[in-house]
There are 2 protein chains.
Amino acid sequence: MNTAELLKSCYLCKELNVQELNSLADIVLIRTVDKGEILFLQGDRANGFYTLLSGLIRIYKASPEGKEYTLHIIRPGQMFAEAAIFSGEVYPANSLALEESVVVFFAKDRFVNLLANSPQISLKMISALSGFVRDFNQQIENLSLKEVSARLALFLLSQAEASGQNKIVLDTSKSELANSIGTISETLSRNFRKMKELGIIEIDGKSITILNFDKLKAISEGEKV
Amino acid sequence: MNTAELLKSCYLCKELNVQELNSLADIVLIRTVDKGEILFLQGDRANGFYTLLSGLIRIYKASPEGKEYTLHIIRPGQMFAEAAIFSGEVYPANSLALEESVVVFFAKDRFVNLLANSPQISLKMISALSGFVRDFNQQIENLSLKEVSARLALFLLSQAEASGQNKIVLDTSKSELANSIGTISETLSRNFRKMKELGIIEIDGKSITILNFDKLKAISEGEKV
DNA sequence: TAAATTACTTGACTTATATCAAGGTCATTT
DNA sequence: AAATGACCTTGATATAAGTCAAGTAATTTA
């Protein structure tokens, strides 16, 4: 895969078109970091920020007494060390690869230059990130719905709404779905069965048909199943 | 409060300094929307995007058959209708104030102009939003820790780490804390008591002192209490 | 200061859901 | 066609946490 294609997987670049991705690709540096390797240390001169393409990075500080504490665990797609580039000239924390990782380095000078010349790119980045902020906010709201049935109902409704159809075809395994709505496959399975028995949905493998939208909506709003 | 101060509460503007906020303030329009009022309709010409300062906005579409469905519920701090400004020239959905709301309108032309002249502002906006994306991601991770004790331990540790002290003073009510870690006050109360009995923490009203960091860490990682 | 309101704690009870264990279904390989 | 393995379903059980109800402590109002 070329650099532009790789970049696309970052939250930051989600809205960019091929041309824009290419102009970004020209100014970044892609680097592989081995498991256990240090990417930068607290106090190192900070000339830019990073995004993570794959792997896992730990950002941590060491207190004067020598105790370490974790500030962030960085997951693929995320940007990190961006605070450094204007709050000061050095990284305020250490970073360590918890797994073999691929990172993208954005040199501050070149990045600012690019933004100055293409405000359209700024706009798209801001927009993309705002969208994620909104979605994650929503997801946090949803996860605090206590019942699995409510979260499942919400998932089904949002899928149906997004496609404009009453038939949903899962694009993941049911275990993954379970995980994404904050439960386990057994519980998901039981919830599906219950809804099926009540005539709310019909299931055939990965395809689910909604038969009773109103009931599903009521469940998503907390009604007992 | 003046416009610049109001703007500061948006995710977008979190990193901006007074001067930058002022230059933004010069190009935006603040508007109050009554409960039940429509801000824009699907198909309306889109010259810019919004952020919400207070209130609650529903973004929804109407299907050809006349059925409505909600795309997003916008909460204070969030940006909305930003997709419109480059994907097309019209808003792709309707927006309705569910409560009396205060919104900020950013005209696209003026905003792009500002970004082009001050790439520093772009950089800070991108950085601020990236930070929120990371934090929310983290919060989603944390909420899916099944045990309340683990979530509470995580909260205590992160507070202590942030302040560098082993004494935490809550800046909210305990009910609010309960809600923010995804439980209710009774359960929180019982968890506090348990930790107190085990000598892990000491509580006096709103101030909590951590006596055993290691144990707390173990609990945050799933150890039974 | 007393009364009243609000916030927190505690106990008894119920329930949703995770866990453990077993069996079934489906697709792919041999 | 039999065998393998991944995924899903189902049942039995245990338990964390929510609900309901009552009491205590803290704060505000009069």
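Residues numbered from 1 in each chain as written. Chains lettered and ligands numbered in written order. Predicted model: local features only at pLDDT ≥ 70, side-chain atom pairs only at ≥ 80, totals over all residues. Heavy atoms only, no water.

1. Focus on the overall build of chain A
The helix and strand inventory of chain A stands at 9 helices and 11 strands. Relative to the compact-globule value of 17 Å for 225 residues, chain A shows a C-alpha radius of gyration of 22 Å, a clear excess of over 25%. Viewed in the frame of its principal axes, chain A has a C-alpha envelope of about 60 × 50 × 30 Å. Counting the 225 residues in chain A, one finds 46% classified as buried. Sequence-distant contacts in chain A: of pairs separated by 6 or more residues, those separated by 24 or more amount to 68%. Accessible surface for chain A amounts to roughly 11100 Å². Of this, 47% is attributable to carbon and sulfur atoms. Charge separation in chain A, taken as the distance between the mean sites of 25 positive and 27 negative side-chain charges, equals 4 Å. (Helix = DSSP H or I, 4+ residues; strand = E, 2+ residues; numbered from the N terminus. Rg over C-alpha atoms; globule rule 2.2 N^0.38 Å. Buried < 20%, exposed > 50% of the residue type's maximum accessible area, 1.4 Å probe, protein only. Contact = heavy atoms within 4.5 Å. Areas by Shrake-Rupley, 256 points an atom, 1.4 Å probe, with all protein chains shown as cover. Lys, Arg positive; Asp, Glu negative; His and termini not counted. Charge placed at Lys NZ, Arg CZ, Asp CG, Glu CD.)

2. A closer look at the side chain of Ser-130 of chain B
In this fold, Ser-130 of chain B is placed in helix 5 (residues 119–143). Here Ser-130 of chain B is in contact with Met-79, Glu-82 and Leu-129 of chain A, once residues within four sequence places are set aside.

3. Quick notes on the protein's contact with DNA strand D
Contacts to DNA strand D come from 18 residues, most closely from Lys-174 and Ser-175 of chain A together with Val-148, Thr-183 and Thr-187 of chain B. Within 4 Å of the protein, the atoms of DNA strand D are drawn from sugar and phosphate moieties in a proportion of 68%. Within the side chain of Arg-190 of chain A, a nitrogen or oxygen atom sits 2.9 Å from a base nitrogen of DNA strand D. Within the backbone of Val-148 of chain B, an N or O atom sits 2.4 Å from a phosphate oxygen of DNA strand D. (Near = heavy atom within 4 Å. Polar contact = N/O pair within 3.5 Å; in protein donor to acceptor, adjacent residues only side chain to side chain.)

4. Overview of unusual backbone geometry
Residues and elements named next belong to chain A. Although it is not a glycine, Ala-81 adopts a positive phi angle of roughly 65 degrees. Looking at the element boundaries, Ala-81 is found in the loop between strand 6 (79–80) and helix 3 (84–87). Judged by relative accessible area, which is 16%, Ala-81 ranks as buried.

5. Regarding the relation of the copies chain A and chain B
You can overlay chain A on chain B at an RMSD of 0.2 Å; the transform is a turn of 180 degrees with a shift of 0.0 Å along its axis. Taken together, the rotation angle and the small translation identify this as a two-fold axis. Most of the interface of chain A is mirrored in chain B: 100% of its interface residues are interface residues there too. (Least-squares fit on C-alpha atoms with pLDDT ≥ 70 in both.)

6. Regarding the pattern of salt bridges
Counted according to the given criterion, the structure contains 12 salt bridges over all chains. Between Arg-134 of chain A and Glu-82 of chain B there is a salt bridge; the shortest N-O distance is 3.1 Å. Residue Arg-134 of chain A is found in helix 5 (residues 119–143), and its partner Glu-82 of chain B is found in the loop between strand 6 (79–80) and helix 3 (84–87); the two belong to separate chains. Judged by relative accessible area, Arg-134 of chain A falls into the buried class, the value being 11%. Using a relative accessible area of 3% as the deciding quantity, one classes Glu-82 of chain B as buried. (Salt bridge = Lys/Arg side-chain N within 4 Å of Asp/Glu carboxyl O.)

7. Some details on helix 2 (residues 18–25) of chain B
Residue and element names in this part refer to chain B. Here helix 2 has its buried residues at Glu-20, Leu-21, Leu-24 and Ala-25. Summarising the axial view, the buried residues of helix 2 lie within an arc of 145 degrees, below the 170-degree limit, and thus occupy one face. For helix 2, the exposed residues lying more than 90 degrees away from the buried face are Val-18 and Gln-19. Residues of helix 2 that are buried make contact with helix 1 (3–7), strand 1 (28–33), strand 8 (101–107), helix 4 (108–117) and helix 5. Where helix 2 begins, the capping side chain belongs to Asn-17, and its oxygen is found 3.2 Å from the backbone nitrogen of Gln-19. (Arc of directions from axis to C-beta.)

8. Things to note about the domain arrangement of chain A
According to the domain assignment, chain A contains domain 1 (3–136) and domain 2 (145–220). Look at where the C-alpha atoms of domain 1 of chain A and domain 2 of chain A centre, and you get two points 36 Å apart. (Domains from an automatic or database assignment.)

9. Re the state of the cysteines
Here the structure, examined in full by the defined rule, presents 0 disulfides over all chains. Cys-10 of chain B carries a free sulfur, and the closest cysteine sulfur to it, the one in Cys-13 of chain B, is 5.1 Å from it. (Disulfide = S-S within 2.5 Å.)

10. Examining the sheet that holds strand 6 of chain B
The strands making up a sheet are joined through hydrogen bonds of the backbone, oriented either antiparallel or parallel. Residues and elements named next belong to chain B. Pairing is antiparallel across the open sheet formed by 4 strands, whose spatial order is 1-8-3-6. Two strands in the sheet have a free side with no partner beyond their single neighbour: strand 1 and strand 6. Against the sheet, helix 4 touches strand 3 (48–54) and strand 8, its axis set at about 65 degrees to strand 8. (Pairing = 2+ DSSP bridges. Axes fitted to C-alpha atoms, helices over the stretch in contact; angles between N-to-C directions.)

11. Details of the protein's contact with DNA strand C
Val-148, Thr-183, Thr-187 and Arg-190 of chain A together with Ser-175 of chain B are the nearest of the 18 residues found near DNA strand C. Sugar and phosphate atoms form 68% of the subset of DNA strand C atoms that lie within 4 Å of the protein. Between DNA strand C and the protein, one listed contact pairs a phosphate oxygen with a backbone N or O atom of Lys-146 of chain A at 3.5 Å. At a separation of 2.9 Å, a base nitrogen of DNA strand C approaches a polar side-chain atom of Arg-190 of chain B. Counting residues per element, the ones that place at least two in the surface near DNA strand C are helix 8 (185–197) of chain A together with helix 7 (174–180) and helix 8 (185–197) of chain B. Ranked by the residues each element gives to the surface near DNA strand C, the list is headed by helix 8 of chain B, at 4 residues. The residue inventory of the surface near DNA strand C, partitioned by class, reads 2 nonpolar, 6 polar and 10 charged. (Nonpolar A, V, L, I, M, F, W, Y, C, P; charged D, E, K, R; others polar.)

12. Description of the sheet that holds strand 7 (residues 94–97) of chain A
Residues and elements named next belong to chain A. Within the open sheet, the 4 strands sit side by side as 2-7-4-5. Their pairing is antiparallel. Each edge of the open sheet is held by one strand with a lone partner, namely strand 2 (38–40) and strand 5 (68–74). Between one strand and the next, the sheet's axes are offset by a mean angle of 30 degrees, whatever the strand orientation. Bridging between strand 4 (residues 57–62) and strand 5 involves 6 bridges; their strand directions are antiparallel. Residue pairing across strands places Arg-58 opposite Ile-73, the latter belonging to strand 5.

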